[in-house]
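# Examining the three-dimensional arrangement
Spelled out, the chains give:
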Amino acid sequence: MRDVWIILRDCALRHWRLAWRQQLMLLIILALGTAVHVAMRLANRSALAGFARFSEGITRDSDWTLRAAAGPMKTPWLREMRDALGPRPVTLLPIIEATVVPHMPDAAARIGSRPTWRLVGMDLIALQNLARESTQQNPTRGGGNVVFVGEAMAKLEGWSIGAEIPLVVNDEIVTVTLAAIVPVQPDTPAPPAHLLLMDLPQAQRVLHRPDEFDRVEVLAPDGGTFPKLRDETQAVLSAIAGDRWQVLGHDDRAALAGSMTAAFRLNLTILSLLALLVGGYLMFQALDGVVIRRREEIAILRALGVTERSVRRAFLIEAALLGLIAGVLGVLLGWAGAQGAVLGVAQTMTALYGASTATFAELHLDEALIGIMLCVGTSLVAAWWPARMAAGTVPAAVLSRHAAPWQSGRLWRAEWIGALLCVAAIILAQQGPVTMNGARTPVAAYAAALCWLLGAALAGGALLKVFRKGRGAITSVAFSHLRRPSVRHRFAIAALVSAVAMTSGMAVMISSFDHTVRGWIVRSMKADIYISSAGAQSASATNVISAATVEMMRKRPEISELAVLHHTNVTLADGPVHVLGVDAAFAQRHDLHAWIHQPPRDWWLASPASVMINESLGTRLGVTLHDELFIPTTNGPRTLRIAGVFADYGNERGSILMPQMMFRDCFGNADAWRVAIMLKPDADAEAVRASLQQAHPGLSIFTQAHLRAEALRIFEQTFAVTYSLEAVGVVVAVAGLGLALASLMLDRRGDLTTLRAIGFTSRDVAAACAWEGAGIALAGVVAGITSGLWLGWLLIARVNKQAFGWTLSFSLPVWQLIALGVAVLAAGVVASALVGRWAAKLKSEREE
Amino acid sequence: MHVLEVAALLKHHDALPILRGVSLTLDKGERVALLGPSGCGKTTLLNCIGGLDRADGGTVRLRGRDIGSMSSDDLAAARRTLLGSVFQFFHLLPTMTAFENVELPLKLLGQSKAERTARVQSLLDRVGVAHRADALPSQMSGGEMQRVAIARAVIHKPALLLADEPTGNLDSASGAQVLGLLREVSDESGAAVLLVTHSEEAAKTCHRVLRMRDGQLV
């Protein structure tokens, strides 16, 4: 180890001081990669935590949660549970909840843009306990509706006790009074900044749901007379549940929340790792250059008796040190960046899944350590090959200034391995998904994508062999290097192929998605006006419109047709499923569905048990046309028969679509979830919308054009992060090409002198370098776009299909791919020309 | 007019003097050997003459033209037409075959393919490596590489051939052959040769011998 220490102290650190700009650049490259990774993770975690907090409310520490298998829970069930539990000291806390939004008459009509709060109605005794802890006076409790909020929310909204808060509850404006502010207590979870607490009966009245609640939180502390109280409680409550409710533990709830956002989290994690990968690649290129610059010094050390192992260790330790410093810097930068990213991620999650309240990303020690460890790990991986190259320096060759370019890296020259990996990818692509925690994960498809990328990257170097002898002196020199590519050429091509393939694959997928979704939106959104509760800020919100409001609207003279959509959730195969009650005749008349398996005409008349399912549900449950489906309903389990399967790109969890009569029979609910209106030919949609909005301020009312635009905006918002990271990937690959060429030029400094000696001008040297770079870029673009097409197919036909159950039609974004190719080629030529200009000024090695 | 005329050439590396007022001339067809110990400035002198390095003082005239006043493009043009270089370590471009290496200077001069092919084949034949035309440098022996390097140096019929220790990396038999070859091509083409060497034997093949010590001709 003494050798290693000497190398580090007397050589490496001295280089750090002398070439501090280079070292700083290295640190920044690696720190930025880590920062992107950490920022995405922290923002994602914060948004998810907000989502989980939103879902679980203030009772997240309960032992068990009881939820109805279908529809709401009923008050008599509570008495039944109490009786079954007998003298056991178990607390049953019934809770009713709904998402509400502040009434903002002038708010912009962007879906997901309003703050979304959770109104939780719970037992009065629990509320009184909370009120006793309040440090402030409790105002009069009688009369109007009163709420309690935490200190965080009161501070955020600037409320004081007695404040009047207008809320949109379903389709009504309800003004509530702030009764008390719950202070922060040590060792007690503070109510989050989106939670409004209300007395249970008051909440049931406000929500027009008498004798109903959504869940029961069960608190069963172990000890005393009942040492196994938790387990007993679960057993008793499960035994009497029948088909009516489910008993969920903490792990089940976490798994449910996790499965709902699994795809989104996986997407972000993969993208953030990609950022670190490109940082590592740039670092590899930079370290490669460092080794070439220090080759003579290494040769001297080797000649003086330093072993290969010491040289290798010294380089790896230096890299680890760089990684450590960059990791700490990256974590801090990432934490700062996460504050901006968290808002974007939370907004996307709100639009896609429901609600997230995150506005600030905390720095978690485990995330920081993971970030630093990944940075050090990336740094070590990036340094592995340069360290090996440094250790393999032959002193005699270098010291006699007769060093031939390093010719190892047999693996990278093995194009057949690349071809083999591509074949493996094709085989893997035929495999099905793996189900984990209730979510289908296309593991084999992801492995196929990885194999394909690696295979294409390895095989991409073969394209260089198509370069023939150049006509002029400049192209002769440039093409001679391409015909016999070094490992560095292959690395540069591999990076370009990977980046271009990923970008073009994503472009194909997004184009196909875009094409399919646009077609679906045009087909399914044919009504002139769409109405929902203003509280429904996401596709899965459960807020309803009362039957009375619907009837009022139906009487308006401008309306030719009005269709109501009913909605409830049931649990099938441990996951939530939407059940929709539709006006089937209306849907058929206007041809609203894109069919995977079209049902017969007037299908709802053919059999009383006929339903439609969406494609996602069919894939998730493994059922298809004519199969039977058993679902829980508020009136007992029902057996349904699948009469058709429709495409649905708004919901990956699954939907069952049944005629309204059947829906009412199963769930007894007459409230509307959504309303679609067809206007008479002479009616002005915008004027009707404005008039309806004035009459019903608690509703969100959209014209067809606006809703279509909003649907597309949410779709594009989902892919915005993907686009920007892919762009970063391409920029980094081009920068990597520049660095690779710089290393090649340093390695060939002797050849450059030879070229000058036989009459090459500086311009000629730069031009030869530019041609060489252009050749690499061209090969990278051709191989990248070609393999990107297959990758696009894989994402569409396998990853999407397996993860979400969506069938997408293939759409080739020809102009986008051409633009990508031209951009990469142009950037590659410019980067190479700049390197060439620098190389032309390199001083001769042959000086005495 | 002299092919080469060097007058009072000065060159420093930082404060260290490398060349201290070197003056010499070479005429057409003349072969001059430059002998001296390592570090005496021989290669620096060659680099200054070849325009690969700029002198700090004095003049270098190639066929009467002062290279100190030339732009870098003019210098490159002078190297394409007037100069040929042979190095101790051959410095063939490793990714090009023997044929391509020799052909390269003619490509720079814009000669037609037919013209180039005939000339390169003829010269490879003349230096005795025609059978290695398609071989890469890594596939050739030291003697073969140096023959190819000499062919590349004289393919465009330069007025001055700069040879920096051309036999320094060869065994004695190969070295003798290379020196013979240099003499022959010089005689045939009329090129002046400035031969940097440590070897008294090599110096005997030249018309004149110059000795250098501490940056000066002695």
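These figures come from a predicted structure and were not determined experimentally.

## A closer look at the overall build of chain B
The secondary structure content of chain B amounts to seven helices and ten strands. A burial count over chain B gives 53% of its 218 residues as buried. Taking all contacts inside chain B whose residues are at least 6 apart in sequence as the whole, residues at least 24 apart take part in 73%.

## Observations concerning the overall build of chain A
What chain A contains, in helices and strands, is 28 helices and 23 strands. Put simply, chain A has 848 residues, and 51% of those count as buried. Long-range pairs, those at least 24 residues apart, make up 85% of the contacts in chain A between residues at least 6 apart in sequence.

## Comments concerning the environment of G461 of chain A
Residue and element names in this part refer to chain A. When you line up the elements, G461 lands in the loop between α16 (443-459) and α17 (473-483). In the structure, G461 is positioned 21 residues away from L482 in sequence and 9.2 Å away in space, judged by C-alpha atoms. Sequence-distant contacts of G461, that is, excluding residues within four places in its chain, are made with E415, P485, H489, R490 and I493.

## Details of the environment of S174 of chain B
All names here are of chain B. Positionally, S174 belongs in helix α6 (residues 172-189). The exposure class assigned to S174 is partly exposed, which follows from the 18 C-beta atoms found within 10 Å. Measuring from C-alpha to C-alpha, the distance between S174 and G142 comes to 8.1 Å, with 32 residues separating the pair along the chain. Beyond its immediate chain neighbours, meaning those up to four positions away, S174 contacts G142 and G143.

## So, unusual backbone geometry
Residue and element names in this part refer to chain B. Backbone geometry places R63, a non-glycine residue, at a positive phi of 45°. Inspection of the secondary structure puts R63 in the loop between β4 (57-62) and β5 (65-66). In this structure R63 comes out as partly exposed when scored by C-beta crowding, with 15 C-beta atoms within 10 Å. Residue H91 is not a glycine yet carries a positive backbone phi of 50°. With respect to the helices, strands and loops of the structure, H91 is situated in the loop between β6 (83-86) and α3 (98-108).

## Focus on the pairing of strand β16 (residues 575-582) of chain A
Residues and elements named next belong to chain A. Of all the eight residues making up β16, six are buried; the element is thus mostly covered by neighbouring parts of the structure. Note that strand β15 (residues 559-572) and β16 share seven bridges and pair antiparallel. Each bridged residue has a counterpart across the sheet, and for H566 the counterpart in β16 is G581. Adjacent in sequence and paired antiparallel, β15 and β16 are bridged by two residues, among which A573 carries a positive phi angle near 50°.

## Examining the packing of α17 of chain A against helix α27 (residues 762-804) of chain A
All names here are of chain A. Contact geometry of α17 with α27 gives a least axis separation of 8 Å together with a crossing angle of 40°. Put simply, α17 runs oblique to α27. When you trace α17 past α27, the crossing you get is right-handed. Across the interface between the two elements, I474, T475, V477, A478, F479, H481 and L482 of α17 pack against D764, A767, A768, W771, E772 and G775 of α27.

## Notes on the sheet that holds strand β2 (residues 16-26) of chain B
Residues and elements named next belong to chain B. Within the open sheet, the four strands sit side by side as β2-β1-β4-β5. Their pairing is antiparallel. The sheet is open, and its two edges are formed by β2 and β5, each paired on a single side. Pairing of strand β1 (residues 4-13) with β4, which is carried by five bridges, proceeds in the antiparallel orientation. Bridge pairing links V6 to V60 in β4. Here helix α1 (residues 42-49) sits on the sheet in contact with β1, β2 and β4, set at roughly 120° to β1.

## Looking at the interface of chain B and chain A
Interfaces are often sized by the amount of accessible area the parts lose when they come together. Each side of the interface is counted separately: chain B has 25 residues, and chain A has 27 residues. Listed by contribution, the elements that provide at least two residues to the side of chain B that touches chain A are α1, α2 (72-81) and α3 of chain B. A class-by-class count of the residues in the side of chain B that touches chain A yields nine nonpolar, nine polar and seven charged.

## Some remarks on the pairing of strand β20 (residues 638-646) of chain A
Residue and element names in this part refer to chain A. Bridge count between strand β17 (residues 595-597) and β20: two bridges; the pairing is antiparallel. The residue of β20 that forms the bridge with W595 is F646. In this sheet, β20 lies alongside strand β18 (residues 610-614) in parallel orientation, the contact comprising five bridges. By the bridge assignment, N614 is partnered in β20 with F646. Summarising the sheet, strand β19 (residues 628-631) and β20 pair through four bridges and their orientation is antiparallel. Each bridged residue has a counterpart across the sheet, and for F630 the counterpart in β20 is T639.

## Remarks on the confidence of the model for chain B
Mean pLDDT for chain B: 89, with 100% of residues reaching 70 or above. Scoring of the predicted complex yields 0.70 for pTM and 0.77 for ipTM.

## A short note on the nonpolar core
L496 of chain A together with I150 and L160 of chain B are the most contacted members of the largest nonpolar core, which has 314 residues in total. Among all residues touching L496 of chain A, those that are not within four sequence positions of it are A733, L737, I776, A777, G780, G784 and V824 of chain A.

## A short note on helix α24 (residues 685-695) of chain A
Residue and element names in this part refer to chain A. The complete set of buried residues in α24 reads V688, R689 and L692. The buried residues of α24 occupy an angular sector of 100° when projected down its axis, which confines them to one face. Exposed side of α24, more than 90 degrees from the buried face: E686, A687 and Q694 are the residues found there. Looking at the buried side of α24, the elements it contacts are β14 (529-533), α19 (547-554), β22 (674-679) and β23 (699-703).

## Quick word on the packing of helix α5 (residues 142-154) of chain B against α6 of chain B
Residue and element names in this part refer to chain B. Where α5 contacts α6, the axes come no closer than 10 Å and their chain directions differ by 15°. Regarding the angle of α5 to α6, the classification is roughly parallel. The handedness of the crossing between α5 and α6 is right-handed. Two secondary-structure elements touch here, α5 through G142, G143, Q146, R147, I150 and V154 and α6 through S174, Q177, V178, L181, L182, V185 and S189.

## Observations regarding the confidence of the model for chain A
Residue and element names in this part refer to chain A. Averaged over every residue, the pLDDT of chain A is 79; residues scoring 70 or more account for 80%. In the predicted structure, residues 133-142 sits below a pLDDT of 50 and forms 20 contacts with residues beyond four places in sequence or in another chain. The model gives residues 402-406 a pLDDT under 50, and that stretch makes ten contacts with residues more than four places away or in other chains.

## Quick look at helix α26 (residues 749-757) of chain A
All names here are of chain A. The element α26 is largely enclosed, with a buried count of eight among its nine residues. Considered for burial, the residues of α26 that qualify are G750, D751, L752, T753, T754, L755, R756 and A757. With its phi angle positive at about 115°, G759 sits one or two positions after the end of α26.

## Description of the sheet that holds strand β7 (residues 160-164) of chain B
Backbone-to-backbone hydrogen bonds pair the strands of a sheet. The strands run either parallel or antiparallel. Residue and element names in this part refer to chain B. Here six strands make up an open sheet; going across it, the order is β6-β7-β8-β3-β9-β10 and the pairing mixed. With partners counted over all chains shown, the strands left at the sheet margins are β6 and β10 (216-217), one partner each. Across the sheet, α1 lies against β3 (31-35), β7, β8 (192-197) and β9 (208-213), angled at about 150° from β7, the strand it touches most.

## Topic: the environment of E415 of chain A
Residue and element names in this part refer to chain A. Locating E415 in the fold gives a position in helix α15 (residues 415-428). On the basis of neighbour counts, which here come to 17 C-beta atoms within 10 Å, the residue E415 falls in the partly exposed class. Put simply, E415 and G455 are 40 residues apart on the chain and 8.3 Å apart in space, counted from C-alpha to C-alpha. With residues up to four places along the chain from it excluded, the contact list for E415 reads L458, A459, G461 and A462.

Thresholds applied
- Each chain carries its own residue numbering, running from 1 in the written order of its sequence.
- For this description, chains carry letters from A and ligands carry numbers from 1, given in the order in which they are written.
- Local features in this predicted model are restricted to residues of pLDDT 70 or higher, and side-chain atom pairs are both shown and tallied only at a pLDDT of 80 or more, whereas totals for entire chains, interfaces and linings draw on every residue.
- Per the convention used, a helix needs a DSSP run of H or I reaching at least four residues, while a strand needs a run of E reaching at least two, with both numbered from the N terminus.
- For the exposure call, what matters is how many other C-beta atoms sit within 10 Å of a residue's own: 20 or more marks it buried, 12 or fewer exposed, and in between partly exposed, using C-beta atoms placed from the backbone.
- Residues are scored as being in contact if the C-beta atoms we place from backbone atoms lie within 7 Å.
- By definition, two strands form a pair when at least two bridges between them are found by DSSP.
- Axes here mean lines fitted to C-alpha atoms, for a helix over just the part in contact, with angles spanning 0 to 180 degrees between N-to-C directions.
- Oblique is the label for any angle not covered by the other classes, which are roughly parallel (under 35 degrees), roughly antiparallel (over 145) and roughly perpendicular (65 to 115).
- Definitions for this section: a left-handed crossing has its near helix turned counterclockwise from the far helix by less than a right angle. A right-handed crossing has that turn clockwise.
- Residue polarity follows a fixed list, in which Ala, Val, Leu, Ile, Met, Phe, Trp, Tyr, Cys and Pro are nonpolar, Asp, Glu, Lys and Arg are charged, and the others, Gly among them, are polar.
- The predictor's confidence in any single residue is recorded as pLDDT, a number from 0 to 100.
- What makes a nonpolar core is a set of buried Ala, Val, Leu, Ile, Met, Phe, Trp, Tyr and Cys residues, with links drawn between C-beta atoms within 7 Å.
- Think of the arc as the fan of directions from the helix axis to the C-beta atoms.

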